[in-house]
Structure formats: structure tokens, C-alpha cells
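Overview (structure and organization)
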Amino acid sequence: MNRARLSKRLALAAFCLGAASCAYSSHAVRDSDLGKPIGAKAMEAALDLPGPVTVDTVVSADWIVPLAGLLNLGHAKAKAAGLSDRDEPMQIYFHALRHPSRGLWVVDTGIAKDFKDHPADLGIGWLVARELHLEKMTTRNALGPWLASQKEPLAGVMLTHLHIDHISGMPDVPRGTPTFAGPGETTPRAATNLVLAGSIDGLLAGHGPLRQWQYQADPDGVFEGLLDVFGDGSVFAIFAPGHTPGSTAYAVRTPQGPVLLVGDNCHTRWGWDHGVEPGHFTGDQTKNAVSLGRLKALAARHPAMVVRLGHQE
Ligand SMILES: [Zn+2]
């Protein structure tokens, strides 16, 4: 760790100790300059029409984590199914969106080239690296090499939320690339952020302010808020808080029909199929369950919709 980084960490630690808790990240935020508010009725009227954007879901890493984090094992349905905590295989994804005029975007970032083997080089503290159990992770397609193999440059990043496994590719994102996320993602306070915040800041270091989606209440009352991201009805940001304060799902109109990128509103296939929200990885299970119910209802109203979950196929 260089001296400047060390003194920044010490200043952050002193600040957090003084406050007894600490924000999730001190990275700068600003209002998004992209996204036009839209109602659920207007979005859903367009959703099943063939659209111009393609979606490739790329497995960036395989990982094994406790099922109790991914799934609320206290839920009556999980109990009835006899589920108990165990090591659960999962994937870390990024989704490549290609828009005919807006270019190549990614939803979430997978992992950076050096994330598994050299986390300290990316600003990940040793305690955080230990807790992540990186020995249980296998790199498949790191973001940097994947981007280098593409014909077009990366135009922007849309995040489902700011958890570490969704921003761990940010070190491979070219500096200056506009990056969007839901509102309030940096603000949750917790004593554990004393350890975590430095690593989150490290992954975002060198990038411009996070551009926060400016949601307005859905006039149709179906969702908390919806944005037509490019203003052309091709990609929609769906405000689905609960897992984190600004958790966002994305609906994309492709030539083959709509694709729903659920994010960590639901990590697992079992959770989606049975309508059971995530476990202790989620911030507010009650709110998360409401958002999950709304997304499942959306998918049910549009049977042609392909659903991509947070961490399993
Ligand atoms: Zn996740």
C-alpha cells in the first residue's frame, strides 16, 4: 500500500470510529443525465415488440458461497422444501448490451483481470479479500480482456447495485466511462463499512462520479419508478429497492423479445421459481420480497420475456 493510500485509509478509519458507523462508500455521486421517466403501462405496451438491442450474458467467474446468504432459509417455502445452509455454486455475470446508435454497454461488470489473484492491487483490503474466500472463485471471462476482444469501445456501465461482486470489474473499465446506478447506493451506514468502504472506494478509484438514476413515482403505481434509459423505448431501468436502497433491474427489448435483468433482487433459480427473497446478503428482506413479487408479476404478464437472475441461470 502506498503512503497516500495508507493515510487515506487511516483518515477514513478515524472518521468511522468517531461516527461509530460509516457510509458504504465515499465515492462521489451526481444526478444522471440519462433516463426519461415513464409509466408501467407505456413500458409494458412496448415491451413485447421486437427491439434493437442485443443482450449477451457473460459468465465472468464461478464462485461458491453459503446458500443462507443467497436465499432466505427461514422462509416457510424454504423450510417446507427442507433446505439448509450449504456451499452453493453460483456465477458472477456481466451483460453486454449492443445498441445500434448508443454502442456497447455493460450491465454490471463481472470481475477485473486481477480481482481473484491480486486483489490488493485493486484496493481490496486483506480482511475483505479473506471474507470473500477468493480461493473458491474461478475466473472465466474477466472484463478487461473481454473488452479488449470487442470491436467497439465501451460506451457506458449500468449497475444493478453497488455490492462488491457487481463492481469488481470496475478496475478494468476505461476511466471516463459514464457509470450509472440507482439512488442512495453509497449511503447505507454500518459499522462493517469501516472495513468494507475502503475496498469499495478502491474498486471505484479513478472513475468519475456515479450517476444516480433520477426515478419519479410510477404514475400507474405498478413499480416504485421507471426510466426509459435512452428515450427510445429500448432499455428500461426499473427501481426495485430492498436488496440495496437503489437496486435496479433492467428490461431490454431485443429482436427476439424482452430480456429482464433481475440483478440481486433474486440470486438463485430456486428463489425465482418459488418467489423466495435472498438471505443475509440482502439489506431489507421485506422490501426485497415486494420488489421480487413485482418483477415476477411483470415476467408473468410477458411470457416471452427471458429472465436473467443475479447469480444463477
Ligand atoms: Zn451479487
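Above this text is the structure in question.
Residues numbered from 1 in each chain as written. Predicted model: local features only at pLDDT ≥ 70, side-chain atom pairs only at ≥ 80, totals over all residues.

Section: the overall build of the protein chain
When helices and strands are counted, the protein chain shows 10 helices and 16 strands. Against the compact-globule benchmark of 20 Å for 313 residues, the protein chain has a radius of gyration of 19 Å, which places it among compact chains. With respect to the three principal axes, the spread of C-alpha positions in the protein chain is 55 × 50 × 35 Å. Out of the 313 residues belonging to the protein chain, those deemed buried represent 44%. (Helix = DSSP H or I, 4+ residues; strand = E, 2+ residues; numbered from the N terminus. Rg over C-alpha atoms; globule rule 2.2 N^0.38 Å. Buried ≥ 20, exposed ≤ 12 C-beta atoms within 10 Å, placed from the backbone.)

So, the sheet that holds strand β7 (residues 138–139)
Taken in spatial order, the 8 strands of this open sheet run β2-β11-β9-β8-β6-β5-β4-β7, and their pairing is mixed. Each end of this open sheet is capped by a strand with a single partner; those strands are β2 (29–31) and β7. Here β2 runs beside strand β11 (residues 210–212); their pairing, made up of 3 bridges, is parallel. Each bridged residue has a counterpart across the sheet, and for aspartate 31 the counterpart in β11 is glutamine 212. (Pairing = 2+ DSSP bridges.)

Some words on helix α8 (residues 193–204)
Given a rise of 1.5 Å per residue, 12 residues ought to cover 16 Å, and the 15 Å separating the end C-alpha atoms of α8 matches this to within 8%. Across the 12 residues that make up α8, a large majority, 9, are buried. For α8, the full list of buried residues reads Asn193, Leu196, Ala197, Gly198, Ser199, Ile200, Gly202, Leu203 and Leu204. Looking one or two places after α8, you find glycine 206, whose phi comes out positive at around 90°. (Expected span 1.5 Å × (residues − 1).)

Some details on the nonpolar core
Counting residues in each nonpolar core, the largest one holds 75 residues, and the members touching the most others are Leu226, Phe236, Ile238, Tyr250 and Val252. Residues contacting leucine 226, with those up to four places away along its chain left out, are Pro37, Ile38, Gly39, Ala40, Met43, Asp218, Phe236, Ile238 and Phe239. (Core = buried A, V, L, I, M, F, W, Y, C linked by C-beta atoms within 7 Å. Contact = placed C-beta atoms within 7 Å.)

Quick notes on the sheet that holds strand β15 (residues 257–261)
Whenever strands of a sheet pair, they do so through backbone hydrogen bonds, lying parallel or antiparallel. Strand order in the open sheet formed by 6 strands is β3-β12-β13-β14-β15-β16, and the pairing between neighbours is mixed. Strands with a single pairing partner mark the edges of an open sheet, and in this sheet they are β3 (36–37) and β16 (306–308). The strands that helix α2 (residues 40–47) touches are β12 (226–228), β13 (235–239), β14 (248–254) and β15; relative to β14, the one it contacts most, it runs at about 40°. (Axes fitted to C-alpha atoms, helices over the stretch in contact; angles between N-to-C directions.)

Structural notes on the pairing of strand β8 (residues 154–158)
In terms of strand pairing, strand β6 (residues 103–107) meets β8 through 4 bridges, oriented parallel. Directly across from valine 107, in β8, lies its bridge partner methionine 158. Pairing between β8 and strand β9 (residues 179–181): 2 bridges, direction parallel. Bridge pairing in β9 places valine 157 opposite threonine 179.

Re unusual backbone geometry
Even without being glycine, aspartate 108 reaches a positive phi, approximately 60°. Mapped onto the elements, aspartate 108 comes out in the loop between β6 and α5 (126–132). Of the residues examined, aspartate 108 has 29 C-beta atoms within 10 Å and is grouped as buried. Phi at histidine 133 takes a positive value of approximately 50°, unusual for a residue other than glycine.

Some thoughts on the pairing of β14
The element β14 is largely enclosed, with a buried count of 6 among its 7 residues. Relative to β14, β13 is paired through 5 bridges, and the arrangement is antiparallel. Residue pairing in the sheet places isoleucine 238 in a bridge with alanine 249 of β14. Between β14 and β15, which follow one another and run antiparallel, lie 2 residues.

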